[in-house]
Amino acid sequence: MTLLARTRKFHPDLPFLLVIILPAVLLCAFVFLYPAFLAVRASVLGGGTASYQHYGRLLKDSLFLQSLAKTFVFAGISVSLEFVLGFGIALLLAAPMKGRGFFRAALLVPWVLPPAVMGFAWRWIFYEDYGIINDILMRTGLVAAPIPFLADPHWAFGTIIFADMWKTAPFVGVILLAGLAVIPADLYEAAAVDGAGRMRRFFLITLPMLTPYILTALLFRLVQTIGIFDLVWVLTGGGPSSSTEMVSLYITKETFSFLNIGYGAALSMALFAIVLVIAIIISFFSRRRY
Amino acid sequence: MMKKLYIVLPTCAFIFLLFFFSCTKQKDEGITISFLDAEDKSGAWAEVIQRFEKNNPGIHVNLIEGPASTNTRQSQYAAALLAGDSTYDLIYLDVIWVAKFAEAGWLVPLNDRFPPAMRDKYLPGDIQASTYDGQIWRVPIRTDGGMLYYRKDLLENADVRPPETFDQLVSEAERLQAPPDLWGFVFMGKQYEGLTCAFLEVLRGYGGGVIGSNNECLLDSPESIAAFSWMHDSVFKNKIVPQAVRTYEENETLAAFLSGKSVFMRNWPYAWKVCQEQNSAVRGKVGIMPMVHAPGESSSATLGGWGFGVSTFSQHKEEAWKFASYVGGPEAQKIFALKHGGAPSLKSLCKDPDLLTLNPHYPELYEVLLYAEPRPVNPHYPEISDVIQRHVSAVLTDTEAPEDAAHAATEEINVILKRNSEKGDSSRG
Amino acid sequence: MTRGKWLTYILLIILVLFSLAPFLWEMSTSFKGRDEVMQLPQSALPQEATAENYVGIFERRPFGRYILNSILVASASTVLALLPAGWRLIRYHR
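Definitions and limits used
Residues numbered from 1 in each chain as written. Chains lettered and ligands numbered in written order. Predicted model: local features only at pLDDT ≥ 70, side-chain atom pairs only at ≥ 80, totals over all residues. Pairing = 2+ DSSP bridges. Helix = DSSP H or I, 4+ residues; strand = E, 2+ residues; numbered from the N terminus. Axes fitted to C-alpha atoms, helices over the stretch in contact; angles between N-to-C directions. Contact = placed C-beta atoms within 7 Å. Right-handed = clockwise from strand over helix to strand, strands pointing away. Buried ≥ 20, exposed ≤ 12 C-beta atoms within 10 Å, placed from the backbone. Domains from an automatic or database assignment. Parallel < 35°, antiparallel > 145°, perpendicular 65-115°, else oblique. Left-handed = near helix turned anticlockwise from the far one by under 90°. Nonpolar A, V, L, I, M, F, W, Y, C, P; charged D, E, K, R; others polar.

### Section: the sheet that holds strand β7 (residues 147–151) of chain B
Residues and elements named next belong to chain B. Pairing within the open sheet is mixed, and its 4 strands lie in the order β8-β9-β7-β10. Edge positions in the open sheet fall to β8 (183–186) and β10 (286–289), since each of these has one partner strand only. On average, adjacent strands in this sheet sit at an angle of 15° to one another, irrespective of strand direction. Looking at chain direction, β7 and β10 are connected through 4 bridges and run antiparallel. Across the sheet, Tyr149 pairs through a bridge with Ile288, a residue of β10. Each of β8 and β9 (262–267) touches helix α8 (residues 166–176); the most contacted strand, β8, lies at about 135° to it.

Here is the structure:
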């Protein structure tokens, strides 16, 4: 049997399908796989001779571990807030109403705008000297002195969380909205007839049926937030006293400022492994539902 | 199957055509050399390039405008050079990048093209900072040394003489300031390279240093602790510095002083010209002097400055060198000094009458620049600077006590020095 | 409208304002001249609206080229990403 006929046995359209995805696969291989391969290679060969010294070093690198801790705390808080807000958006938009299309489009604007651009916008808004927020707060007398949104380590951390949550809550909202839309209405009616109140209906119907969507959104958001770069780089550049130095910033510094390519590659591998583990855990939970 | 091909093939063709057309470089008549610098707000580059192109037909010079932050531009250069890319023919080098870039093999050694007789014409600090491992790698074009700016009018009104010591600066600032509308002292306090520059002036003004002659770190000396403490106290004890400085780079510091919100400012010489511009609120009210120091010590100015290195990957090295040596020459440097402000690297220009009218403080600036101290010339300087930035920023945010910061910084820098002690470590300072 | 619907609309409008506020503020700032941007107190609408910033970005940078680059990259990657999905639609929902 020819190769073509054999592939046809799997699925009649398989040859055609392969042709279609060929350009994309080639591009991915060129833009992603090859550099990834080089990175793995650099992480081991960085010192000239093959060695795992970089990996040993990163386990003891307190700055790296601290940046990981900051990233996880940031991700935990930011993603939680996104889900709360996103869920609220989804609930508000779930029922059909006049102007729904407009609301949905308007609420998606933060997600659509480029993160670096919004970073500059926020920097300007939160600026202590000319920023509009401090201006309003001072003029209305709510505060006596301008709040150091970006100048104080703790405030800066909170500002980054706020800016990230503002941007990504609509994304979570849209995914959860899609999930809410497929819950059959008669489930709620049946439950109401059986005497279930709003809370019980929420916990027994809404949440379980939304779980796959929640997990999907969680997977996306966690992975993206752990790798956050643009927003932080533009807003604080690592922050007062390294308070907002996320893992990706640390790796960038090692690779491009210090030119420790091998070590930077090893750090990237470590981050990749961590993110992979998280993705696998979440996928594991998703699979069980099905 | 055939029907689908009618859709698939044109789509694929369309995509590949898109890539093809976006990848083709424009056809050149003549040679183009490119380099990266910040936005040409003053138009100095435009004029210099125009003059060069007029005298050198067939060579086009392309200034690629990048972000204002030097850290970001350094990353852009590094990213291209790591890939062996020939996008940049010339590298507009900050003084602190020379050792690192030379060590990485990205620069063409210029010893033959830039002989000692030529080098003598430039300020010694600039030449020293452009040299590494026995070779010279950079033609200095502009030089910088941190200076102290002050509001002449405010000091005169209160009948106060400009300060000479750290304590005098503090007491005068306390007396003259009226926060939150008028603060005492502003400088670049964001966690970036500029913070190291400002800190080193305080450190050396107290008589301290970073790296000793035995390649060990000196940051846990009493002088160093005094410097860390002074930085800390200026924000939290004497309160002459607003907390907002922790977000300031050069532009923000200058903006604060320009709008009349501070009595004193530490900034580079270019700020003088901006202060004297038409729409400046402090026009004619500004004085400039060397940075303050501890009694018995001398004032220190951290050497900054920019110059051209030739990229190893450039495909037009000869033309690139032509442009570099033109910009390193008196005509171009004068244009820069007139339009952009700041100080030229050529010794002869520091006494030029046209420049003196614009900058009456030039003789004093010249003295300062003659003795301006470079930051440690070491290929691992970025890491060393990062340690300093971290701890000074920690002190400025009150997350670390000055003594702890000094000790921790010393330990970390010693680790870096030990890890990398190999040839070429001509670290000083 | 029921009370529930009122509440929903009010909350939605608050959220929309929250979502659009930074963007609208940026738009307002883009029409302000250099001096006005740095003055306190800030005003919601520019007092002296000027188009100098918009003119500036096209004059000082090859901004048109930047836009073209973005369009090229976005179109190409979108088409490439949608091809497998598009195939399925063409195949099964004709």
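### Considering the pairing of strand β1 (residues 31–38) of chain B
Residues and elements named next belong to chain B. Here 8 bridges tie β1 to strand β2 (residues 59–66), and the two strands are oriented parallel to one another. Bridge pairing links Thr32 to His60 in β2. Viewed along the sheet, the connection from β1 through helix α2 (residues 44–55) into β2 turns out right-handed.

### Observations concerning helix α12 (residues 247–257) of chain A
Residues and elements named next belong to chain A. Among the 11 residues that make up α12, 9 are buried, leaving the element largely enclosed by the rest of the structure. All buried positions along α12 are accounted for by Val247, Ser248, Leu249, Tyr250, Ile251, Lys253, Glu254, Thr255 and Phe256. Looking one or two residues past α12, Leu259 carries a phi angle of roughly 60°, positive in sign.

### Here we look at the domain arrangement of chain B
All names here are of chain B. As far as domains go, chain B holds domain 1 (31–144 + 303–370) and domain 2 (146–302 + 377–419). Each of domain 1 and domain 2 was reduced to a C-alpha centroid, and the two centroids are 26 Å apart. At the junction of the two partners, domain 1 supplies 21 residues and domain 2 supplies 21 residues. Of all the elements in the fold, those that place two or more residues in the side of domain 1 that touches domain 2 are α3 (70–82), α4 (98–103), β11 (303–310) and α16 (362–370). Here the side of domain 1 that touches domain 2 gets 3 residues from one element, more than from any other, and that element is α4.

### Brief notes about the packing of helix α8 (residues 153–181) of chain A against helix α10 (residues 198–226) of chain A
Residues and elements named next belong to chain A. Running from amino to carboxyl end, α8 crosses α10 at an angle of 155°, the nearest separation of the two axes being 9 Å. Between α8 and α10, the angle is such that the two are roughly antiparallel. Of the two elements, α8 crosses α10, and the hand of that crossing is right-handed. Touching Asp164, Thr168, Val172, Ile175, Leu176, Ala178, Gly179 and Leu180 of α8 are Leu210, Tyr213, Ile214, Thr216, Ala217, Arg221 and Thr225, all from α10. Among the residues making up the contact of α8 with α10, the classes are represented as 9 nonpolar, 4 polar and 2 charged.

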